[in-house]
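Inside the fold
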Amino acid sequence: MADLFTPLRLGPLELPNRVLMAPLTRSRAEVGHVPGPLMAEYYAQRASAGLIIAEATMVMEGESSFIREPGIHSQAQVDGWTLTTDAVHAAGGRIVLQLWHGGRACHPLLNGGRQPVAPSPIAISGDEIHTPEGKKPYVVPRELADAELPAIVAGFRQAARNAIAAGFDGVEVHGANGYLLDEFLRDGSNRRAGPYGGPIENRARLVLEVIEAVRQEAELVGLRISPLNSYNAMVDSDPVGLTRWLAERLNSCGLEYLHVMRGDLLGQQHGDLLTPVREHFNGTLIANMGYDGSEATAAIAAGAIDAVAFGTAFLANPDLPERLRCGAPLNSPDPATFYTPGPAGYTDYPALP
């Protein structure tokens, strides 16, 4: 019977445990969205994870929705990420990069005045974005034309090629949390007609094209989805049905794993996503959101999931696998330092003595 510390084969990788590190935006990149030595230190500290899924990383220039998040579209960024992959591999770890387009969650003040793009001209409501001029409302995005979408697919493919050149062991396509690919997937944000709008098979067309393109560049490819998560003002009329359809359709895409955020960060939408994925998806199922060690172990032992991606627990506990193994207490994360520059609340959380 498997548990959190049973090895797991994931494509070309043998994971020594099933305590995975979820992608966590930390806003510590340097000028030009270039990863630096501080980021390399941070990830190397967490190399005991079965797999590190590095933070959301811009596949194209001009698509920033945070301050100082990393990119993978320039040579300087590739070189910067190489510091991280070298450090993680030297520490015995495995790491994949999450490929991301911010879509309507971007803002002109972060992108030289450029209007964000989306499947439909619907702004994120009920929230504000941090910009160099302080908090600002989200703006109405420009609706992408069908003819523009091949360039976005090509951007993801080039990003995957760059990630492999930077030494990553694979890539994860970001199809969650209200960013571009998720915006196409869910009918609350995708109101367009034509081949990329309407029924599920059309709304999923872009993410499927992205996966097909990325698979040409990387041997290990995963996808993260969050059909229940209402973050970034997201909603879908049938999130469980969307999940079930995707789980079955993805079997023909050469996908190694599906990374599912099982709930809603804001607690507004509810449903069981993991059961339909387990029933219909033949690859590895990684679950995320709200797990502690005991629940994760029980779910893996029951065969409900294959691994768990831990978020804030890994943020504050660089040696999380060992702490879970021996039942040691966990450090508490400091939310005030989640997105602030420098090592405080980033590389200064203590490991066990």
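Scroll up to find the structure this text is about.
Let me begin by describing the structure that accompanies this report. None of these values were measured; they are calculated from a predicted model. (Residues numbered from 1 in each chain as written. Predicted model: local features only at pLDDT ≥ 70, side-chain atom pairs only at ≥ 80, totals over all residues. Heavy atoms only, no water.)

1. Section: the environment of Gln-216
Along the chain, the position of Gln-216 falls in the loop between α6 (205-214) and β11 (221-225). A C-alpha to C-alpha distance of 7.7 Å links Gln-216 and Arg-157, two positions 59 residues apart in sequence. (Helix = DSSP H or I, 4+ residues; strand = E, 2+ residues; numbered from the N terminus.)

2. So, the nonpolar core
Ranked by size, the top nonpolar core spans 80 residues in total, and within it Tyr-43, Leu-99 and Leu-250 carry the most contacts. Once residues within four sequence positions are removed from consideration, Tyr-43 is found in contact with Met-21, Ile-52, Ala-54, Glu-55, Trp-81, Thr-84, Val-88 and Ile-95. With 14 residues, the next largest nonpolar core counts Leu-15, Ala-22, Ala-307 and Ala-309 among its residues. (Core = buried A, V, L, I, M, F, W, Y, C linked by side-chain atoms within 4.5 Å. Buried < 20%, exposed > 50% of the residue type's maximum accessible area, 1.4 Å probe, protein only. Contact = heavy atoms within 4.5 Å.)

3. What about the pattern of salt bridges?
Think of it this way: side chains of opposite charge can pair up when their charged atoms draw near. Applying the stated criterion across every chain, the model contains 12 salt bridges. Notably, a salt bridge pairs Arg-157 with Glu-217, separated by 2.6 Å at the nearest N-O pair. Placement of the pair is Arg-157 in helix α3 (residues 149-165) and Glu-217 in the loop between α6 and β11, with a sequence separation of 60 residues. Between Asp-182 and Arg-186 there is a salt bridge, with the nearest N and O atoms lying 2.6 Å from each other. Across this residue pair, the class does not change: Asp-182 and Arg-186 are buried. Bridged by salt links that share partners, the residues Arg-157, Arg-161 and Glu-217 form one connected network. (Salt bridge = Lys/Arg side-chain N within 4 Å of Asp/Glu carboxyl O.)

4. Section: the pairing of strand β7 (residues 128-131)
Relative to strand β8 (residues 134-137), β7 runs antiparallel, the two being bridged by 4 bridges. Of the residues in β8, the one forming a bridge with Glu-128 is Pro-137. Between the antiparallel neighbours β7 and β8 lie 2 residues. (Pairing = 2+ DSSP bridges.)

5. A short note on the pairing of strand β5 (residues 95-100)
Where burial is concerned, most of β5 is hidden: 6 out of the 6 residues are buried. Neither face of β5 is open: one carries Ile-95, Leu-97 and Leu-99, the other Val-96, Gln-98 and Trp-100, and all of them are buried. Two elements, strand β4 (residues 52-58) and β5, share 6 bridges in a ladder whose sense is parallel. Following the sheet pairing, Met-58 is matched in β5 by Trp-100. In terms of handedness, the path from β4 via helix α2 (residues 75-90) over to β5 forms a crossover that is right-handed. With 3 bridges joining them, β5 and strand β10 (residues 171-175) adopt parallel strand pairing. Paired with Leu-97 across the two strands is Val-171, which belongs to β10. (Right-handed = clockwise from strand over helix to strand, strands pointing away.)

6. Digging into the packing of α3 against α6
Closest axis-to-axis distance for the α3/α6 pair is 8 Å, and the angle between their directions is 35°. The chirality of how α3 crosses α6 is right-handed. Residues Leu-149, Val-153, Phe-156, Arg-157 and Ala-160 of α3 touch α6, and the partners they reach there are Leu-206, Glu-209, Val-210, Ala-213 and Val-214. Grouping the constituent residues of the contact of α3 with α6 by class yields 8 nonpolar, no polar and 2 charged. (Axes fitted to C-alpha atoms, helices over the stretch in contact; angles between N-to-C directions. Left-handed = near helix turned anticlockwise from the far one by under 90°. Nonpolar A, V, L, I, M, F, W, Y, C, P; charged D, E, K, R; others polar.)

7. Re α3
Compared with an ideal rise of 1.5 Å per residue, which puts 17 residues at 24 Å, α3 spans 25 Å between its outermost C-alpha atoms and is within 8% of the ideal. For α3, the complete set of buried residues consists of Leu-149, Ile-152, Val-153, Gly-155, Phe-156, Ala-159, Ala-160, Asn-162 and Ala-163. Directly after α3, the chain includes Gly-167, whose backbone phi takes a positive value near 100°. (Expected span 1.5 Å × (residues − 1).)

8. Some remarks on the packing of aromatic side chains
As enumerated under the stated definition, the model contains 8 aromatic pairs in all. Between Tyr-42 and Tyr-346 the ring centres are 4.1 Å apart and the planes differ by 10°, which places this aromatic pair in the stacked class. With Tyr-42 in helix α1 (residues 37-45) and Tyr-346 in the segment after α11 (320-326), this residue pair connects regions lying 304 residues apart in the sequence. Look at Tyr-346 and you get buried, because its relative accessible area is 0%. An aromatic cluster of at least three residues, connected via ring pairs, comprises Tyr-42, Tyr-43, Trp-81, Phe-168 and Tyr-346. In this structure, Arg-205 packs its charged tip against the face of Tyr-196, placed 5.8 Å from the ring centre. (Phe/Tyr/Trp six-rings, centres within 6.5 Å; stacked < 30°, edge-to-face > 60°. Lys NZ or Arg CZ within 6 Å of the ring centre and 35° of its normal.)

9. Here's the deal with the side chain of Thr-85
Topologically, Thr-85 is positioned in helix α2. Owing to a relative accessible area of 0%, Thr-85 belongs among the buried residues under this scheme. Beyond its immediate chain neighbours, meaning those up to four positions away, Thr-85 contacts Ile-95, Ala-166, Gly-167 and Phe-168.

10. Let's talk about the packing of α1 against α2
Contact geometry for α1 and α2: axes closest at 8 Å, N-to-C directions at 25°. Classified by the angle between their axes, α1 and α2 sit roughly parallel to one another. At the point where α1 passes α2, the crossing takes the right-handed sense. Of α2, the residues touching α1 (which contributes Pro-37, Met-39, Ala-40, Tyr-43 and Ala-44) are Trp-81, Leu-83, Thr-84, Ala-87 and Val-88. For the contact of α1 with α2, the residue count by class is 9 nonpolar, 1 polar and no charged. (Parallel < 35°, antiparallel > 145°, perpendicular 65-115°, else oblique.)

11. Here's the deal with the side chain of His-259
Relative to the elements of secondary structure, His-259 occurs in strand β12 (residues 257-261). Of the polar contacts made by the side chain of His-259, one reaches the side chain of Arg-224; its length is 3.4 Å. Excluding its chain neighbours within four sequence positions, the residues that come into contact with His-259 are Pro-23, Ile-53, Glu-172, Leu-223, Arg-224, Ile-225, Ile-286, Asn-288 and Ala-309. (Polar contact = N/O pair within 3.5 Å; in protein donor to acceptor, adjacent residues only side chain to side chain.)

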